[in-house]
Amino acid sequence: MRLKISLLKEPKHQELVSCVGWTTAEELYSCSDDHQIVKWNLLTSETTQIVKLPDDIYPIDFHWFPKSLGVKKQTQAESFVLTSSDGKFHLISKLGRVEKSVEAHCGAVLAGRWNYEGTALVTVGEDGQIKIWSKTGMLRSTLAQQGTPVYSVAWGPDSEKVLYTAGKQLIIKPLQPNAKVLQWKAHDGIILKVDWNSVNDLILSAGEDCKYKVWDSYGRPLYNSQPHEHPITSVAWAPDGELFAIGSFHTLRLCDKTGVRNVLNDAVDLLEFRDRVIKASLNYAHLVVSTSLQCYVFSTKNWNTPIIFDLKEGTVSLILQAERHFLLVDGSSIYLYSYEGRFISSPKFPGMRTDILNAQTVSLSNDTIAIRDKADEKIIFLFEASTGKPLGDGKFLSHKNEILEIALDQKGLTNDRKIAFIDKNRDLCITSVKRFGKEEQIIKLGTMVHTLAWNDTCNILCGLQDTRFIVWYYPNTVYVDRDILPKTLYERDASEFSKNPHIVSFVGNQVTIRRADGSLVHISISPYPAILHEYVSSSKWEDAVRLCRFVKEQTMWACLAAMAVANRDMTTAEIAYAAIGEIDKVQYINSIKNLPSKESKMAHILLFSGNIQEAEIVLLQAGLVYQAIQININLYNWERALELAVKYKTHVDTVLAYRQKFLETFGKQETNKRYLHYAEGLQIDWEKIKAKIEMEITKEREQSSSSQSSKSIGLKP
């Protein structure tokens, strides 16, 4: 991206322009020492004088009231705060009417900023004071006071903390009294400007040492620029946190990462647009470009005839793509469109703020939209893509810690959709999107994970874990057989990527990683796991086995074993488990084959995967009460075994007999009151119990056709 700079033959301001502020992507307001406030329209190149300020008001800083606050507050959103050299700040409407002027500081008011909710205003001045005001201009508190001027101020993303300058120091002070204050030396000269982005939670600072720097919210340095020729006098984040601009004497710098090139034949297409390009995204054989007024959808097979439709608001901050559709986020809403330009849905939830949404907090698949809540960062809202309505009964996914990054897998059936996320402890977790009325277990996949991405064509997950690059070839293994999960991973050293690398994309068998210095690094992984996924999704089990025999890698066999169990193909599972030396599991699979009914086989496959409750439900629904009791006895779930026996009035003596045998083995006496109660006056007769068990098995065998049951779940009798 190049900066397009144009100079007017005759300047519209007669003196120095001290501050500017955007209202939309095509409308700009500017303030000058000539006391004028001028509106600029970039589409028509028209300029309009909004107001001529009194001669004693020299503007210093300018900030619009937040826009993304809904229709009810729209009238106030059409106003801004202007700070001036006379110690006042002024609340001015978009039409130029000065609503209120407030005596705020001794000396110039050097900066003023609304918080993100529009409920408070912070001002700083030459007197060294930091003051908090209500939205109507009433003083709430003096947050801090120091002996040197405060040149710049910014709100934290949660509007609960304020960042301000103090000479060469940066200070983050919470609004709550007695809360811990964070302070650190940031520059070798006086700090002139700061900005704190609400999306990526990163801080920009610039100073008289001619450098600009990037910090995280704990004051740790992430980037330190080379010295420039002149002091850096202004810095600003783009709202989405992807870009930032810095200004110095005769210098304006901007970094961007968007470009289009056909790498198959090295052909280059020059795409020209009527309006300024705001955002662009290339994925799934489509290029989606947002300008200030319209959205263009190009197919990579045809660059000449894009689909074009008008945008409701020209400030698109995020474009996400899935195979079937794409999502646009602007200052007020979220919109889902097909690649034919058809509007599909617009999901909403209470308190939704679109201005802070980014690629880490929104995820899209063919059937699901996931959005992390800003008000409570432990919550993820899930929506049906086709309707925009909440999934299921409207419940959200809740985690015990704050969630930093989310990602939906891209392939497979809706009922199997999974979401992976990284929480504040840097734990990587995975859970099912559709929970079918029960609380789905959130399972930890890894620790110290900094970034993640799903593959675009199959459900393979990659991440950077501490100093290692990890690929989970079949993450669903945690639901099937967690013991073999380590055998399904690919690992390699990632120290070459330096600090704070970020995974940009995972397309085909290539992972693209952006290092902290902005350079892109590409990693290629084995293509065979993706082929295995394709064979399994098409139920080509013989081809899958042949592929594993050809590749001769343990990771492939381990993935096939888990995939086969998940799809109830125990014949393939037996082959795969044998190949990785899991002999005990091979024997268990063989024992499953000899069970008399399909319900018993299904229940033991569920047991194999650790799904005890589901296995019990399958047996009880089929009327196999004894078998449900027996699996609890085998797992030493004595309370549940007795509970089932009493509830269904059968095999109470069987449970008591096995319990007695268990205690005798360890030389223990019965202490459980329930067992003591039912054991009163009951004689244990093992011959009678064995006869009852044999009768149950015979009854089950008679009620079920083993050949039909085996065929229904892919088992050979």
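Keep in mind that what you see is a predicted model, and the values were worked out from it rather than measured.

Engineer: Give a detailed account of the overall build of the chain, specifying residues and quantitative values.
Structural biologist: In terms of helices and strands, the chain carries 15 helices and 46 strands. Viewed in the frame of its principal axes, the chain has a C-alpha envelope of about 110 × 65 × 45 Å. For the chain, the computed accessible surface area is about 35500 Å², with 51% contributed by carbon and sulfur atoms. Taking the average location of the 84 positive side-chain charges in the chain and that of its 84 negative ones, the two points are 2 Å from each other.

Engineer: So what about unusual backbone geometry? Which residues, and what values?
Structural biologist: If a residue is not glycine, its phi is most likely negative; likewise, a peptide bond is most likely trans. Positive phi, normally seen in glycine, also occurs at Ser159, with a value near 60°. The topology assignment puts Ser159 in the loop between strand 13 (153-155) and strand 14 (161-166). Positive phi, normally seen in glycine, also occurs at Arg426, with a value near 65°. The topology assignment puts Arg426 in the loop between strand 37 (418-423) and strand 38 (428-432).

Engineer: Residue-level account of the packing of helix 11 (residues 638-647) against helix 12 (residues 652-665), with values.
Structural biologist: Remark: helix 11 packs on helix 12, axes separated minimally by 8 Å, with the N-to-C direction vectors making an angle of 160°. When the axis of helix 11 is compared with that of helix 12, the two are roughly antiparallel. Of the two elements, helix 11 crosses helix 12, and the hand of that crossing is left-handed. Contact residues: Trp638, Ala641, Leu642, Ala645 and Val646 in helix 11; Val652, Val655, Tyr658, Arg659 and Phe662 in helix 12. Here the residues of the contact of helix 11 with helix 12 sort into 9 nonpolar, no polar and 1 charged.

Engineer: Give a description of the sheet that holds strand 42 (residues 468-472) that names residues and reports values.
Structural biologist: Taken in spatial order, the 4 strands make up an open sheet running 40-41-42-43, and their pairing is antiparallel. Of all strands in the sheet, those bounded by a partner on one side alone are strand 40 (449-454) and strand 43 (489-493). Each strand axis lies, on average, 15° off the axis of its neighbour in the sheet, ignoring direction.

Engineer: Describe the state of the cysteines, naming the residues involved and giving the relevant values.
Structural biologist: Going through the model one piece at a time under the given rule, you end up with 0 disulfides. Looking at Cys429, it has no disulfide partner, and the nearest cysteine sulfur is the one in Cys462, 17 Å off. Overall, Cys429 belongs to the buried group, its relative accessible area being 4%.

Engineer: How would you explain the pattern of salt bridges if you had to name every residue and give the values?
Structural biologist: Throughout the structure, instances matching the rule amount to 28 salt bridges. Residue Lys444 is joined to Asp427 by a salt bridge in which the shortest nitrogen-to-oxygen separation is 3.6 Å. Taken together, the residues Lys444 in strand 39 (residues 443-446) and Asp427 in the loop between strand 37 and strand 38 connect sequence positions 17 residues apart. A relative accessible area of 49% places Lys444 in the partly exposed class.

Engineer: I'd like a rundown of the sheet that holds strand 29 (residues 325-329), residues and numbers included.
Structural biologist: Pairing is antiparallel across the open sheet formed by 4 strands, whose spatial order is 28-29-30-31. Strand pairing shows two members of the sheet lacking a second neighbour, strand 28 (318-321) and strand 31 (343-345), which therefore form its edges. If you compare each strand with its neighbour and ignore which way they point, the axes differ by 30° on average. Pairing analysis gives 4 bridges linking strand 28 to strand 29, with the strands arranged antiparallel. Bridge assignment links Leu320 to a residue of strand 29, and that residue is Leu327.

Engineer: Tell me what's going on with the environment of His35, and back it up with residues and numbers.
Structural biologist: As for its placement among the helices and strands, His35 is situated in the loop between strand 2 (27-32) and strand 3 (36-41). Of the residues examined, His35 reaches a relative accessible area of 8% and is grouped as buried. Taking the C-alpha atoms as reference, His35 lies 56 Å from Asn455; in sequence the two are 420 residues apart. Ignoring anything within four residues of it in the chain, the contact list for His35 reads Val51, Lys52, Leu53, Pro54, Asp55, Ile57 and Tyr58.

Engineer: I'd like a description of helix 12, backed by residues and values.
Structural biologist: Here helix 12 is 14 residues long and its end C-alpha atoms lie 20 Å apart, about the 20 Å a rise of 1.5 Å per residue gives. Count one or two residues on from helix 12 and you reach Gly667, which has phi positive near 65°.

Engineer: Explain the packing of aromatic side chains to me, using residue names and the numbers behind them.
Structural biologist: The full count for this structure, using the stated rule, is 32 aromatic pairs. Taking the centre distance of 4.2 Å and the plane angle of 15° together, the rings of Phe349 and Phe381 count as stacked. One end of the pair, Phe349, is in the loop between strand 31 and strand 32 (362-364); the other, Phe381, is in strand 34 (residues 379-384), with 32 residues separating them in the sequence. In terms of burial, Phe349 and Phe381 fall into one category: buried. Pairwise contacts between aromatic rings join Phe309, Phe326, Tyr335, Tyr337, Tyr339 and Phe343 into one cluster. Here the basic side chain of Lys312 rests over the ring of Phe343, its NZ or CZ set 5.6 Å away from the ring centre. The positively charged end of Lys661 is found above the aromatic ring belonging to Trp686, 5.6 Å away from the centroid.

Thresholds, definitions, all that
Residues numbered from 1 in each chain as written. Predicted model: local features only at pLDDT ≥ 70, side-chain atom pairs only at ≥ 80, totals over all residues. Heavy atoms only, no water. Helix = DSSP H or I, 4+ residues; strand = E, 2+ residues; numbered from the N terminus. Areas by Shrake-Rupley, 256 points an atom, 1.4 Å probe, with all protein chains shown as cover. Lys, Arg positive; Asp, Glu negative; His and termini not counted. Charge placed at Lys NZ, Arg CZ, Asp CG, Glu CD. Axes fitted to C-alpha atoms, helices over the stretch in contact; angles between N-to-C directions. Parallel < 35°, antiparallel > 145°, perpendicular 65-115°, else oblique. Left-handed = near helix turned anticlockwise from the far one by under 90°. Contact = heavy atoms within 4.5 Å. Nonpolar A, V, L, I, M, F, W, Y, C, P; charged D, E, K, R; others polar. Pairing = 2+ DSSP bridges. Disulfide = S-S within 2.5 Å. Buried < 20%, exposed > 50% of the residue type's maximum accessible area, 1.4 Å probe, protein only. Salt bridge = Lys/Arg side-chain N within 4 Å of Asp/Glu carboxyl O. Expected span 1.5 Å × (residues − 1). Phe/Tyr/Trp six-rings, centres within 6.5 Å; stacked < 30°, edge-to-face > 60°. Lys NZ or Arg CZ within 6 Å of the ring centre and 35° of its normal.

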